[in-house]
Amino acid sequence: MLNSNDNIKRIESDIKDNLVNIFPNYKLTLRNKSLLISGVLILLVDNKIIDRYLIEIEMPDMETRFYPVVKEIGNKIPKIADRHINSNGTTCLFYPDNYKKYYNRKTKLSEFIKGPIFTYFIAQSYFEITGVWVFGELNHNEFGAYEFYSQKLGVKDPQAITIFLNFLLEKHNIKKNSFCVCGSLKKFKNCHYRKLIKIKREVPSVMIENSVKKIVKFANGMKDYINGQNKLKEAIAQIKKNNDPFKKIFYNENSATKLLHFIGTKFPPKIYFKRKN
Amino acid sequence: MSTTNDYLKKILSSHNLKNDAEEIEKVRSERDKVEKIIKDKYPEAKITIRYGGSYAKDTMVKDNYDLDILCYFHEDENSAGDSLEDIYNNIKTCLSDDYFVQPKRSALRLKDKENKNDFHIDVVPGRFVEKDNGDAYLFQEGAEKSRLKTNPDTHINYIKNSKLTDIIKLLKVWKNKNGIEIKTFVLELLTVKVLKDRKDNGLSENLKYFWEEMKNNIDNIAVEDPANSNNDLSDIFNDSVKQSIRLIAEIALNNIENDDWENIFGQIEDDSDEENNEEKKKRIESFASSAGVVARPYAE
(Lines give C-alpha, C1' and ligand atoms only; values in the text may rest on other atoms or scores of the structure.)
Protein backbone atom coordinates (compact mmCIF):
# COMPACT_ATOMS: atom_id res chain seq x y z
CA MET A 1 0.00 0.00 0.00
CA LEU A 2 1.23 3.43 -0.95
CA ASN A 3 0.24 5.06 2.30
CA SER A 4 1.12 2.22 4.64
CA ASN A 5 3.36 2.96 7.58
CA ASP A 6 5.96 0.60 6.18
CA ASN A 7 6.07 2.46 2.90
CA ILE A 8 6.32 5.83 4.62
CA LYS A 9 9.15 4.56 6.83
CA ARG A 10 10.92 3.14 3.78
CA ILE A 11 10.72 6.49 2.00
CA GLU A 12 11.92 8.39 5.06
CA SER A 13 14.93 6.18 5.56
CA ASP A 14 15.72 6.29 1.82
CA ILE A 15 15.77 10.12 1.94
CA LYS A 16 17.80 10.20 5.17
CA ASP A 17 20.32 7.66 3.90
CA ASN A 18 20.78 8.93 0.37
CA LEU A 19 19.82 12.59 0.14
CA VAL A 20 21.22 14.16 3.28
CA ASN A 21 23.14 16.82 1.31
CA ILE A 22 20.59 17.73 -1.31
CA PHE A 23 17.24 17.20 0.40
CA PRO A 24 17.85 17.77 4.11
CA ASN A 25 14.64 19.64 4.95
CA TYR A 26 11.45 17.86 4.03
CA LYS A 27 8.02 16.89 5.29
CA LEU A 28 5.78 13.91 4.53
CA THR A 29 2.02 14.42 4.44
CA LEU A 30 -1.05 12.51 3.38
CA ARG A 31 -3.57 14.49 1.35
CA ASN A 32 -6.63 12.92 -0.26
CA LYS A 33 -5.04 9.45 -0.10
CA SER A 34 -1.90 10.80 -1.79
CA LEU A 35 1.50 10.69 -0.17
CA LEU A 36 3.29 14.02 -0.56
CA ILE A 37 6.94 14.77 0.15
CA SER A 38 7.68 18.48 0.30
CA GLY A 39 11.05 20.02 0.86
CA VAL A 40 13.99 22.05 -0.32
CA LEU A 41 16.04 20.59 -3.14
CA ILE A 42 19.60 21.89 -3.01
CA LEU A 43 21.40 21.76 -6.33
CA LEU A 44 24.82 20.81 -5.10
CA VAL A 45 27.44 20.29 -7.79
CA ASP A 46 31.07 19.65 -6.79
CA ASN A 47 30.20 20.80 -3.26
CA LYS A 48 29.02 24.17 -4.53
CA ILE A 49 25.41 25.28 -4.31
CA ILE A 50 23.99 26.22 -7.70
CA ASP A 51 20.47 26.94 -6.50
CA ARG A 52 17.62 25.88 -4.21
CA TYR A 53 14.04 24.98 -5.08
CA LEU A 54 11.06 24.25 -2.86
CA ILE A 55 9.34 21.21 -4.34
CA GLU A 56 6.43 18.88 -3.66
CA ILE A 57 6.48 15.28 -4.87
CA GLU A 58 3.25 13.31 -5.14
CA MET A 59 3.97 9.59 -5.09
CA PRO A 60 2.32 7.47 -7.79
CA ASP A 61 -0.49 5.03 -7.01
CA MET A 62 0.67 2.94 -10.04
CA GLU A 63 -2.95 2.69 -11.20
CA THR A 64 -3.75 6.17 -12.46
CA ARG A 65 -0.31 7.77 -12.01
CA PHE A 66 2.73 5.75 -12.96
CA TYR A 67 5.50 8.04 -11.77
CA PRO A 68 5.88 10.78 -9.14
CA VAL A 69 4.40 14.16 -10.01
CA VAL A 70 6.71 17.01 -9.07
CA LYS A 71 5.63 20.60 -8.39
CA GLU A 72 7.79 23.68 -7.90
CA ILE A 73 6.02 25.46 -5.05
CA GLY A 74 8.49 28.21 -4.17
CA ASN A 75 7.28 30.42 -7.06
CA LYS A 76 10.80 30.81 -8.43
CA ILE A 77 9.96 29.57 -11.92
CA PRO A 78 7.40 31.42 -14.06
CA LYS A 79 4.51 29.02 -14.64
CA ILE A 80 4.54 29.03 -18.44
CA ALA A 81 4.90 26.28 -21.05
CA ASP A 82 8.15 27.77 -22.34
CA ARG A 83 9.66 26.98 -18.91
CA HIS A 84 8.32 23.40 -19.13
CA ILE A 85 6.00 23.88 -16.20
CA ASN A 86 2.21 23.96 -16.00
CA SER A 87 0.20 26.80 -14.50
CA ASN A 88 -0.42 24.73 -11.33
CA GLY A 89 3.33 24.31 -10.84
CA THR A 90 3.54 20.72 -12.15
CA THR A 91 6.86 20.19 -13.83
CA CYS A 92 7.25 18.42 -17.18
CA LEU A 93 10.38 16.41 -16.45
CA PHE A 94 10.18 14.23 -19.58
CA TYR A 95 7.71 13.04 -22.19
CA PRO A 96 5.19 10.96 -20.15
CA ASP A 97 5.44 7.85 -22.37
CA ASN A 98 9.14 7.70 -21.56
CA TYR A 99 8.58 7.41 -17.81
CA LYS A 100 9.81 3.80 -17.46
CA LYS A 101 13.27 4.93 -18.36
CA TYR A 102 13.29 6.90 -15.12
CA TYR A 103 10.78 5.24 -12.82
CA ASN A 104 9.31 1.82 -12.15
CA ARG A 105 8.00 -0.05 -9.13
CA LYS A 106 11.54 -0.81 -7.96
CA THR A 107 12.91 2.73 -8.32
CA LYS A 108 13.76 4.38 -5.03
CA LEU A 109 12.53 7.93 -4.56
CA SER A 110 16.12 9.04 -3.92
CA GLU A 111 17.13 7.75 -7.37
CA PHE A 112 14.30 9.66 -8.99
CA ILE A 113 15.27 12.85 -7.12
CA LYS A 114 18.96 12.49 -7.99
CA GLY A 115 18.04 11.68 -11.60
CA PRO A 116 15.37 13.51 -13.61
CA ILE A 117 14.28 15.90 -10.83
CA PHE A 118 17.82 17.08 -10.16
CA THR A 119 18.70 17.54 -13.84
CA TYR A 120 15.38 19.27 -14.54
CA PHE A 121 16.10 21.93 -11.92
CA ILE A 122 19.74 22.22 -12.98
CA ALA A 123 18.40 22.95 -16.48
CA GLN A 124 16.01 25.56 -15.03
CA SER A 125 18.84 27.37 -13.24
CA TYR A 126 20.96 27.29 -16.39
CA PHE A 127 18.04 28.62 -18.42
CA GLU A 128 17.58 31.44 -15.90
CA ILE A 129 21.18 32.52 -16.48
CA THR A 130 21.56 31.89 -20.22
CA GLY A 131 18.12 31.39 -21.79
CA VAL A 132 19.31 28.03 -23.12
CA TRP A 133 18.24 24.47 -22.12
CA VAL A 134 21.50 22.80 -21.21
CA PHE A 135 20.23 19.24 -21.86
CA GLY A 136 17.99 20.24 -24.76
CA GLU A 137 14.19 20.21 -24.68
CA LEU A 138 11.21 18.68 -26.41
CA ASN A 139 8.70 20.91 -28.15
CA HIS A 140 5.35 21.52 -26.49
CA ASN A 141 2.20 19.45 -26.62
CA GLU A 142 1.34 17.87 -30.06
CA PHE A 143 4.67 18.78 -31.61
CA GLY A 144 6.50 17.27 -28.62
CA ALA A 145 4.49 14.02 -28.95
CA TYR A 146 5.39 13.79 -32.64
CA GLU A 147 9.02 14.69 -31.93
CA PHE A 148 9.33 12.03 -29.22
CA TYR A 149 7.91 9.16 -31.30
CA SER A 150 9.58 10.34 -34.46
CA GLN A 151 12.96 10.06 -32.74
CA LYS A 152 12.09 6.84 -30.94
CA LEU A 153 10.99 5.12 -34.16
CA GLY A 154 13.36 6.90 -36.53
CA VAL A 155 10.40 7.86 -38.73
CA LYS A 156 9.51 11.36 -39.88
CA ASP A 157 6.10 10.80 -41.46
CA PRO A 158 3.43 11.51 -38.80
CA GLN A 159 0.96 9.29 -40.63
CA ALA A 160 3.33 6.29 -40.45
CA ILE A 161 3.90 6.97 -36.73
CA THR A 162 0.14 7.02 -36.18
CA ILE A 163 -0.26 3.69 -37.99
CA PHE A 164 2.51 2.13 -35.89
CA LEU A 165 0.97 3.33 -32.63
CA ASN A 166 -2.51 2.23 -33.72
CA PHE A 167 -0.99 -1.19 -34.40
CA LEU A 168 0.06 -1.29 -30.76
CA LEU A 169 -3.48 -0.37 -29.73
CA GLU A 170 -4.75 -3.15 -32.03
CA LYS A 171 -6.67 -0.59 -34.05
CA HIS A 172 -4.63 -1.18 -37.17
CA ASN A 173 -3.35 -4.52 -38.38
CA ILE A 174 0.04 -4.79 -40.08
CA LYS A 175 1.00 -8.22 -41.37
CA LYS A 176 4.47 -9.32 -40.32
CA ASN A 177 5.44 -10.22 -43.87
CA SER A 178 4.13 -7.05 -45.51
CA PHE A 179 6.34 -4.09 -46.30
CA CYS A 180 7.06 -1.87 -43.33
CA VAL A 181 4.97 1.33 -43.14
CA CYS A 182 8.15 3.38 -42.78
CA GLY A 183 8.95 2.89 -46.46
CA SER A 184 12.23 1.02 -45.95
CA LEU A 185 11.12 -1.76 -48.37
CA LYS A 186 12.01 -4.27 -45.63
CA LYS A 187 9.48 -6.69 -44.23
CA PHE A 188 7.67 -5.33 -41.17
CA LYS A 189 8.95 -8.24 -39.01
CA ASN A 190 12.54 -7.32 -39.96
CA CYS A 191 12.07 -3.58 -39.55
CA HIS A 192 9.95 -1.80 -36.91
CA TYR A 193 8.14 -4.78 -35.42
CA ARG A 194 10.55 -5.43 -32.52
CA LYS A 195 10.87 -1.76 -31.65
CA LEU A 196 7.09 -1.54 -31.44
CA ILE A 197 6.76 -4.60 -29.25
CA LYS A 198 9.32 -3.05 -26.88
CA ILE A 199 7.26 0.16 -26.74
CA LYS A 200 4.14 -1.91 -26.02
CA ARG A 201 5.90 -3.47 -23.04
CA GLU A 202 7.09 -0.10 -21.73
CA VAL A 203 4.17 2.25 -22.30
CA PRO A 204 0.62 1.78 -20.97
CA SER A 205 -2.06 1.78 -23.71
CA VAL A 206 -3.77 4.80 -22.18
CA MET A 207 -0.61 6.83 -22.74
CA ILE A 208 -0.13 5.58 -26.31
CA GLU A 209 -3.74 6.47 -27.04
CA ASN A 210 -3.18 9.97 -25.74
CA SER A 211 -0.07 10.34 -27.89
CA VAL A 212 -1.88 9.15 -31.02
CA LYS A 213 -4.49 11.87 -30.52
CA LYS A 214 -1.75 14.46 -30.23
CA ILE A 215 0.16 13.21 -33.27
CA VAL A 216 -3.03 13.21 -35.38
CA LYS A 217 -3.69 16.78 -34.26
CA PHE A 218 -0.11 17.68 -35.13
CA ALA A 219 -0.43 16.08 -38.59
CA ASN A 220 -3.67 17.98 -39.24
CA GLY A 221 -2.04 21.18 -38.10
CA MET A 222 0.84 20.56 -40.50
CA LYS A 223 -1.62 19.94 -43.32
CA ASP A 224 -3.35 23.24 -42.55
CA TYR A 225 0.04 24.90 -42.39
CA ILE A 226 1.15 23.55 -45.76
CA ASN A 227 -2.20 24.45 -47.34
CA GLY A 228 -1.96 27.85 -45.72
CA GLN A 229 1.56 28.39 -47.06
CA ASN A 230 0.43 27.46 -50.55
CA LYS A 231 -2.60 29.73 -50.35
CA LEU A 232 -0.40 32.51 -49.02
CA LYS A 233 2.04 32.11 -51.92
CA GLU A 234 -0.83 32.05 -54.40
CA ALA A 235 -2.42 35.11 -52.84
CA ILE A 236 0.82 37.09 -52.87
CA ALA A 237 1.58 35.99 -56.45
CA GLN A 238 -1.90 37.06 -57.48
CA ILE A 239 -1.55 40.45 -55.87
CA LYS A 240 1.86 40.96 -57.52
CA LYS A 241 0.65 39.77 -60.90
CA ASN A 242 -2.45 41.94 -61.03
CA ASN A 243 -0.63 44.97 -59.70
CA ASP A 244 -3.47 45.11 -57.27
CA PRO A 245 -4.09 48.50 -55.61
CA PHE A 246 -3.88 46.66 -52.25
CA LYS A 247 -0.37 45.50 -53.10
CA LYS A 248 1.23 48.12 -50.91
CA ILE A 249 -0.87 47.09 -47.94
CA PHE A 250 -0.29 43.37 -48.25
CA TYR A 251 3.22 43.30 -49.60
CA ASN A 252 4.92 42.03 -46.50
CA GLU A 253 4.63 38.80 -44.59
CA ASN A 254 2.66 40.19 -41.68
CA SER A 255 0.05 41.79 -43.83
CA ALA A 256 -0.05 38.72 -46.01
CA THR A 257 -0.74 36.60 -42.93
CA LYS A 258 -3.61 38.91 -42.11
CA LEU A 259 -4.80 38.48 -45.66
CA LEU A 260 -4.59 34.75 -45.22
CA HIS A 261 -6.82 34.95 -42.17
CA PHE A 262 -9.11 37.19 -44.17
CA ILE A 263 -9.54 34.59 -46.88
CA GLY A 264 -10.37 32.03 -44.26
CA THR A 265 -7.34 29.76 -44.03
CA LYS A 266 -6.29 28.49 -40.65
CA PHE A 267 -2.71 29.34 -39.81
CA PRO A 268 -0.83 26.90 -37.57
CA PRO A 269 -0.23 27.89 -33.98
CA LYS A 270 3.01 29.69 -33.27
CA ILE A 271 4.13 26.70 -31.23
CA TYR A 272 5.05 24.81 -34.39
CA PHE A 273 7.85 27.25 -35.05
CA LYS A 274 9.35 26.99 -31.60
CA ARG A 275 13.11 27.25 -31.68
CA LYS A 276 14.99 24.10 -30.71
CA ASN A 277 18.29 24.23 -28.88
CA MET B 1 18.96 30.20 24.59
CA SER B 2 22.00 32.45 24.68
CA THR B 3 24.03 30.02 22.59
CA THR B 4 21.32 29.97 19.91
CA ASN B 5 21.21 33.76 19.88
CA ASP B 6 25.00 33.88 19.61
CA TYR B 7 24.82 31.52 16.67
CA LEU B 8 22.13 33.68 15.02
CA LYS B 9 24.21 36.81 15.55
CA LYS B 10 27.16 35.12 13.85
CA ILE B 11 24.89 34.09 10.98
CA LEU B 12 23.76 37.70 10.73
CA SER B 13 27.25 39.04 10.63
CA SER B 14 28.37 36.47 8.04
CA HIS B 15 25.50 37.49 5.74
CA ASN B 16 25.78 41.18 6.43
CA LEU B 17 26.78 43.45 3.59
CA LYS B 18 28.95 46.18 5.00
CA ASN B 19 29.11 49.58 3.34
CA ASP B 20 32.68 48.98 2.19
CA ALA B 21 32.01 45.44 0.93
CA GLU B 22 33.29 44.70 -2.56
CA GLU B 23 29.76 44.00 -3.84
CA ILE B 24 28.53 47.37 -2.56
CA GLU B 25 31.50 49.22 -4.03
CA LYS B 26 30.73 47.69 -7.41
CA VAL B 27 27.05 48.65 -7.41
CA ARG B 28 27.87 52.08 -6.04
CA SER B 29 30.20 52.84 -8.94
CA GLU B 30 27.52 51.59 -11.32
CA ARG B 31 25.03 53.88 -9.63
CA ASP B 32 27.29 56.89 -10.37
CA LYS B 33 27.36 55.83 -14.00
CA VAL B 34 23.56 55.54 -14.14
CA GLU B 35 23.15 58.97 -12.59
CA LYS B 36 25.55 60.49 -15.13
CA ILE B 37 23.75 58.86 -18.08
CA ILE B 38 20.37 60.21 -16.95
CA LYS B 39 21.69 63.68 -16.14
CA ASP B 40 23.55 63.90 -19.46
CA LYS B 41 20.35 63.01 -21.27
CA TYR B 42 18.23 65.50 -19.32
CA PRO B 43 20.77 68.17 -18.30
CA GLU B 44 18.25 70.86 -17.40
CA ALA B 45 15.70 68.61 -15.77
CA LYS B 46 14.78 68.71 -12.11
CA ILE B 47 15.39 65.12 -11.04
CA THR B 48 16.07 63.54 -7.67
CA ILE B 49 18.23 60.42 -7.85
CA ARG B 50 18.68 58.56 -4.60
CA TYR B 51 18.94 55.13 -3.01
CA GLY B 52 15.86 53.17 -2.01
CA GLY B 53 15.03 49.55 -1.21
CA SER B 54 16.94 47.36 1.20
CA TYR B 55 20.12 49.44 0.94
CA ALA B 56 18.31 52.45 2.34
CA LYS B 57 16.38 50.33 4.84
CA ASP B 58 19.54 48.58 6.06
CA THR B 59 18.14 45.11 5.42
CA MET B 60 20.58 43.95 2.74
CA VAL B 61 21.98 40.42 2.89
CA LYS B 62 24.74 38.86 0.82
CA ASP B 63 22.75 35.98 -0.70
CA ASN B 64 20.34 38.16 -2.55
CA TYR B 65 21.03 41.89 -2.70
CA ASP B 66 19.66 44.53 -5.01
CA LEU B 67 20.29 48.23 -5.09
CA ASP B 68 17.25 50.35 -5.92
CA ILE B 69 18.05 53.66 -7.58
CA LEU B 70 15.04 55.93 -7.44
CA CYS B 71 14.89 58.37 -10.30
CA TYR B 72 12.04 60.77 -9.63
CA PHE B 73 11.23 63.71 -11.87
CA HIS B 74 9.84 66.70 -10.01
CA GLU B 75 6.13 67.45 -10.22
CA ASP B 76 6.40 70.21 -12.85
CA GLU B 77 9.13 68.51 -14.88
CA ASN B 78 8.18 67.02 -18.23
CA SER B 79 11.45 66.81 -20.14
CA ALA B 80 11.22 62.98 -20.11
CA GLY B 81 7.55 63.03 -21.08
CA ASP B 82 4.17 64.00 -19.74
CA SER B 83 2.95 60.65 -18.56
CA LEU B 84 4.46 58.17 -16.13
CA GLU B 85 4.62 55.64 -18.95
CA ASP B 86 6.62 58.14 -21.05
CA ILE B 87 9.08 58.63 -18.18
CA TYR B 88 9.43 54.86 -17.70
CA ASN B 89 9.99 54.24 -21.41
CA ASN B 90 12.32 57.20 -21.92
CA ILE B 91 14.53 56.23 -19.00
CA LYS B 92 14.57 52.69 -20.36
CA THR B 93 15.65 53.93 -23.79
CA CYS B 94 18.24 56.22 -22.29
CA LEU B 95 19.86 53.36 -20.32
CA SER B 96 19.64 50.87 -23.18
CA ASP B 97 22.75 52.24 -24.92
CA ASP B 98 24.91 51.18 -22.00
CA TYR B 99 22.97 48.33 -20.40
CA PHE B 100 20.80 45.36 -21.19
CA VAL B 101 17.63 46.67 -19.57
CA GLN B 102 15.11 44.14 -18.32
CA PRO B 103 11.74 45.77 -17.62
CA LYS B 104 10.06 44.81 -14.36
CA ARG B 105 6.67 46.00 -13.18
CA SER B 106 7.81 49.42 -11.96
CA ALA B 107 11.57 49.14 -12.21
CA LEU B 108 14.25 48.59 -14.82
CA ARG B 109 16.76 45.84 -14.06
CA LEU B 110 20.26 46.57 -15.34
CA LYS B 111 22.45 43.82 -16.74
CA ASP B 112 25.69 43.72 -18.65
CA LYS B 113 24.99 44.34 -22.31
CA GLU B 114 27.33 41.63 -23.54
CA ASN B 115 27.13 38.73 -21.11
CA LYS B 116 23.84 39.66 -19.35
CA ASN B 117 25.57 39.50 -15.97
CA ASP B 118 23.37 41.01 -13.32
CA PHE B 119 24.54 44.28 -11.74
CA HIS B 120 21.94 43.85 -8.96
CA ILE B 121 20.58 47.29 -9.77
CA ASP B 122 16.96 48.30 -10.26
CA VAL B 123 16.29 51.80 -11.55
CA VAL B 124 12.83 52.98 -10.49
CA PRO B 125 11.54 55.88 -12.62
CA GLY B 126 8.70 58.00 -11.26
CA ARG B 127 7.40 61.47 -10.59
CA PHE B 128 6.91 63.31 -7.34
CA VAL B 129 3.36 64.29 -6.52
CA GLU B 130 4.70 66.63 -3.92
CA LYS B 131 8.42 66.68 -3.48
CA ASP B 132 8.25 68.12 0.03
CA ASN B 133 6.32 65.22 1.54
CA GLY B 134 7.99 62.62 -0.68
CA ASP B 135 4.79 61.26 -2.27
CA ALA B 136 5.45 59.96 -5.75
CA TYR B 137 3.75 58.06 -8.55
CA LEU B 138 5.27 55.08 -10.35
CA PHE B 139 4.25 53.50 -13.63
CA GLN B 140 3.19 49.84 -13.36
CA GLU B 141 3.69 47.93 -16.58
CA GLY B 142 1.06 45.28 -17.28
CA ALA B 143 -0.82 45.96 -14.05
CA GLU B 144 -4.53 46.60 -13.72
CA LYS B 145 -3.80 50.10 -12.43
CA SER B 146 -0.99 51.67 -14.41
CA ARG B 147 -0.24 54.23 -11.69
CA LEU B 148 0.95 53.43 -8.18
CA LYS B 149 1.29 55.94 -5.40
CA THR B 150 4.28 55.43 -3.14
CA ASN B 151 6.52 57.17 -0.68
CA PRO B 152 10.07 55.87 -0.26
CA ASP B 153 10.69 57.82 2.95
CA THR B 154 7.62 56.28 4.57
CA HIS B 155 8.80 52.80 3.55
CA ILE B 156 12.35 53.37 4.74
CA ASN B 157 11.28 54.86 8.08
CA TYR B 158 8.65 52.19 8.66
CA ILE B 159 11.25 49.43 8.42
CA LYS B 160 14.23 51.24 9.95
CA ASN B 161 12.23 52.46 12.94
CA SER B 162 10.71 49.04 13.52
CA LYS B 163 13.92 47.91 15.27
CA LEU B 164 13.38 44.59 13.55
CA THR B 165 15.99 44.88 10.80
CA ASP B 166 18.09 42.03 12.22
CA ILE B 167 15.13 39.66 12.20
CA ILE B 168 14.23 40.83 8.68
CA LYS B 169 17.77 40.02 7.53
CA LEU B 170 17.60 36.56 9.10
CA LEU B 171 14.24 35.90 7.48
CA LYS B 172 15.67 36.94 4.12
CA VAL B 173 18.48 34.42 4.60
CA TRP B 174 15.86 31.82 5.56
CA LYS B 175 13.75 32.63 2.49
CA ASN B 176 16.76 32.27 0.18
CA LYS B 177 17.86 29.03 1.80
CA ASN B 178 14.44 27.55 1.15
CA GLY B 179 14.25 28.42 -2.52
CA ILE B 180 11.11 30.49 -2.34
CA GLU B 181 10.24 33.67 -4.10
CA ILE B 182 8.36 36.19 -2.01
CA LYS B 183 8.75 39.91 -2.57
CA THR B 184 11.17 41.29 0.02
CA PHE B 185 8.80 44.21 0.52
CA VAL B 186 6.04 41.80 1.59
CA LEU B 187 8.36 39.81 3.86
CA GLU B 188 9.41 43.04 5.58
CA LEU B 189 5.82 44.16 6.11
CA LEU B 190 4.87 40.71 7.31
CA THR B 191 7.71 40.69 9.84
CA VAL B 192 6.79 44.08 11.25
CA LYS B 193 3.11 43.16 11.38
CA VAL B 194 3.76 39.96 13.34
CA LEU B 195 6.58 41.13 15.60
CA LYS B 196 5.90 44.82 16.19
CA ASP B 197 4.97 44.25 19.83
CA ARG B 198 7.83 41.84 20.50
CA LYS B 199 10.84 44.01 19.61
CA ASP B 200 12.59 43.39 22.91
CA ASN B 201 12.61 39.62 22.67
CA GLY B 202 15.68 37.69 21.55
CA LEU B 203 16.26 36.67 17.94
CA SER B 204 15.51 32.99 18.46
CA GLU B 205 12.28 33.63 20.40
CA ASN B 206 11.06 36.03 17.75
CA LEU B 207 11.92 33.72 14.88
CA LYS B 208 10.08 30.90 16.56
CA TYR B 209 7.06 33.12 17.20
CA PHE B 210 7.10 34.35 13.59
CA TRP B 211 7.19 30.82 12.20
CA GLU B 212 4.42 29.69 14.56
CA GLU B 213 2.28 32.55 13.31
CA MET B 214 3.09 31.58 9.70
CA LYS B 215 2.21 27.96 10.39
CA ASN B 216 -1.05 28.62 12.24
CA ASN B 217 -2.36 32.01 11.13
CA ILE B 218 -0.93 33.05 7.81
CA ASP B 219 -4.34 32.95 6.11
CA ASN B 220 -5.63 35.54 8.57
CA ILE B 221 -2.72 37.94 8.24
CA ALA B 222 -3.12 40.84 5.82
CA VAL B 223 -0.26 43.16 4.99
CA GLU B 224 -0.73 46.82 4.12
CA ASP B 225 1.51 49.22 2.26
CA PRO B 226 2.25 51.95 4.84
CA ALA B 227 2.63 54.55 2.06
CA ASN B 228 -0.57 53.69 0.25
CA SER B 229 -3.45 51.82 1.84
CA ASN B 230 -5.04 51.40 -1.60
CA ASN B 231 -2.07 49.40 -2.88
CA ASP B 232 -3.55 45.92 -3.14
CA LEU B 233 -0.80 43.45 -2.22
CA SER B 234 -2.99 40.35 -2.47
CA ASP B 235 -1.59 39.37 -5.86
CA ILE B 236 1.98 39.26 -4.56
CA PHE B 237 0.93 37.80 -1.19
CA ASN B 238 -1.38 35.21 -2.68
CA ASP B 239 -2.46 31.73 -1.56
CA SER B 240 0.41 30.01 -3.31
CA VAL B 241 2.98 32.23 -1.55
CA LYS B 242 1.21 31.69 1.77
CA GLN B 243 1.21 27.93 1.26
CA SER B 244 4.97 27.90 0.59
CA ILE B 245 5.70 30.05 3.64
CA ARG B 246 3.49 27.87 5.83
CA LEU B 247 5.35 24.76 4.68
CA ILE B 248 8.87 26.09 5.24
CA ALA B 249 7.82 27.61 8.57
CA GLU B 250 6.62 24.16 9.63
CA ILE B 251 9.91 22.59 8.54
CA ALA B 252 11.82 25.29 10.46
CA LEU B 253 9.78 24.58 13.60
CA ASN B 254 10.52 20.86 13.25
CA ASN B 255 14.20 21.70 13.13
CA ILE B 256 13.88 23.86 16.24
CA GLU B 257 12.15 20.98 18.01
CA ASN B 258 15.27 18.92 17.26
CA ASP B 259 17.41 21.88 18.31
CA ASP B 260 18.89 21.89 14.83
CA TRP B 261 19.23 25.58 13.92
CA GLU B 262 22.05 24.77 11.52
CA ASN B 263 19.56 22.92 9.37
CA ILE B 264 17.67 26.22 9.00
CA PHE B 265 20.45 28.73 8.49
CA GLY B 266 23.40 26.51 7.68
CA GLN B 267 26.84 26.67 9.19
CA ILE B 268 28.43 29.98 9.94
CA GLU B 269 30.28 31.31 6.87
CA ASP B 270 28.86 28.55 4.65
CA ASP B 271 27.59 31.20 2.26
CA SER B 272 31.00 31.00 0.59
CA ASP B 273 29.42 28.02 -1.20
CA GLU B 274 27.39 30.46 -3.26
CA GLU B 275 28.82 31.41 -6.62
CA ASN B 276 28.14 34.10 -9.17
CA ASN B 277 26.24 33.37 -12.38
CA GLU B 278 29.32 33.00 -14.55
CA GLU B 279 30.82 30.39 -12.21
CA LYS B 280 27.47 28.60 -11.90
CA LYS B 281 27.14 28.51 -15.67
CA LYS B 282 30.58 26.91 -16.07
CA ARG B 283 29.90 24.41 -13.30
CA ILE B 284 26.58 23.35 -14.86
CA GLU B 285 28.22 22.99 -18.28
CA SER B 286 30.91 20.78 -16.82
CA PHE B 287 28.21 18.73 -15.00
CA ALA B 288 26.20 18.46 -18.24
CA SER B 289 29.19 17.27 -20.25
CA SER B 290 29.65 14.29 -17.95
CA ALA B 291 25.96 13.59 -17.26
CA GLY B 292 25.32 11.31 -20.23
CA VAL B 293 21.80 11.06 -21.66
CA VAL B 294 19.48 13.17 -19.56
CA ALA B 295 15.68 13.60 -19.69
CA ARG B 296 14.63 16.49 -21.89
CA PRO B 297 11.78 18.57 -20.45
CA TYR B 298 8.42 18.65 -22.23
CA ALA B 299 5.25 20.71 -21.76
CA GLU B 300 1.55 20.04 -22.24
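Once a new chain begins, its residue numbering starts again from 1 and follows that chain's sequence as written. Here chains are named by letter from A upward and ligands by number from 1 upward, in the order in which they appear as written. Only residues with pLDDT of at least 70 get local features here, since the model is predicted, and only at 80 or more are side-chain atom pairs given and counted; chain-wide, interface and lining totals rely on the full set of residues. Hydrogens and waters are ignored; side-chain quantities use all the structure's heavy atoms.

1. Observations regarding the confidence of the model for chain A
Residue and element names in this part refer to chain A.
Okay, step 1: Of the residues in chain A, 85% have a pLDDT of 70 or more, and the chain-wide mean is 85.
Okay, step 2: Summarising per-element confidence for chain A, the mean pLDDT is lowest in helix α7 (residues 247-250) (48) and highest in strand β4 (residues 69-72) (96).
Okay, step 3: Confidence of the predictor at the level of single residues is captured by pLDDT, which takes values from 0 to 100. Any two residues whose heavy atoms approach within 4.5 Å are treated as being in contact. Confidence over residues 262-277 falls short of pLDDT 50; this stretch has 31 contacts with residues more than four positions distant or in other chains. Each helix corresponds to a stretch of at least 4 residues labelled H or I by DSSP, and each strand to a stretch of at least 2 residues labelled E; elements are numbered beginning at the N terminus.

2. Quick look at the sheet that holds strand β1 (residues 26-31) of chain A
Okay, step 1: The strand order across the open sheet built from four strands is β1-β2-β3-β4 (chain A), with neighbouring strands paired in antiparallel fashion. In the strand order of this sheet, the two ends are held by β1 and β4 of chain A, each with one partner. Taking each pair of neighbouring strands and ignoring which way they run, the sheet shows an average axis angle of 30°.
Okay, step 2: Note on pairing: two strands pair once DSSP finds at least 2 bridges between them. With four bridges joining them, strand β3 (residues 48-58) of chain A and β4(A) adopt antiparallel strand pairing. Bridging across to β4(A), E56(A) finds its partner in K71(A).
Okay, step 3: All axes here are fitted lines through C-alpha atoms, helices being fitted over the stretch that makes contact, and every angle between N-to-C directions spans 0 to 180 degrees. Sitting on the sheet, helix α1 (residues 5-18) of chain A touches β1 and β2 (34-45) of chain A, and the angle it makes with β1(A) is about 160°.
Okay, step 4: Against the sheet, helix α9 (residues 239-257) of chain B touches β1, β2 and β3 of chain A, its axis set at about 120° to β1(A).

3. What about the interface of chain B and chain A?
Okay, step 1: With 37 residues of chain B at the interface, the matching set in chain A holds 56 residues.
Okay, step 2: Summed over both partners, the accessible area lost on bringing two parts together, with a 1.4 Å probe, is the buried area. Taken over both partners, the interface formed by chain B and chain A buries close to 4,100 Å², and the fraction arising from carbon and sulfur atoms is 58%.
Okay, step 3: It is R296(B), P297(B) and Y298(B) that lose the most area in chain B upon contact with chain A, and together they represent 21% of the buried surface on that side.
Okay, step 4: Each salt bridge in this description consists of a side-chain nitrogen of Lys or Arg and a carboxyl oxygen of Asp or Glu lying within 4 Å of one another. The salt bridge partner of R283(B) is D46(A), with a shortest N-O separation of 3.5 Å.
Okay, step 5: We define a polar contact as two N or O atoms separated by no more than 3.5 Å, with the added condition that, inside protein, one atom must be a possible hydrogen donor and the other a possible acceptor, whereas residues neighbouring each other in sequence contribute only through side-chain atom pairs. Across the contact surface, chain B and chain A share 17 residue pairs in polar contact (both at pLDDT 80 or more).
Okay, step 6: Of all the elements, α9(B) adds the most residues to the side of chain B that touches chain A, at nine residues.

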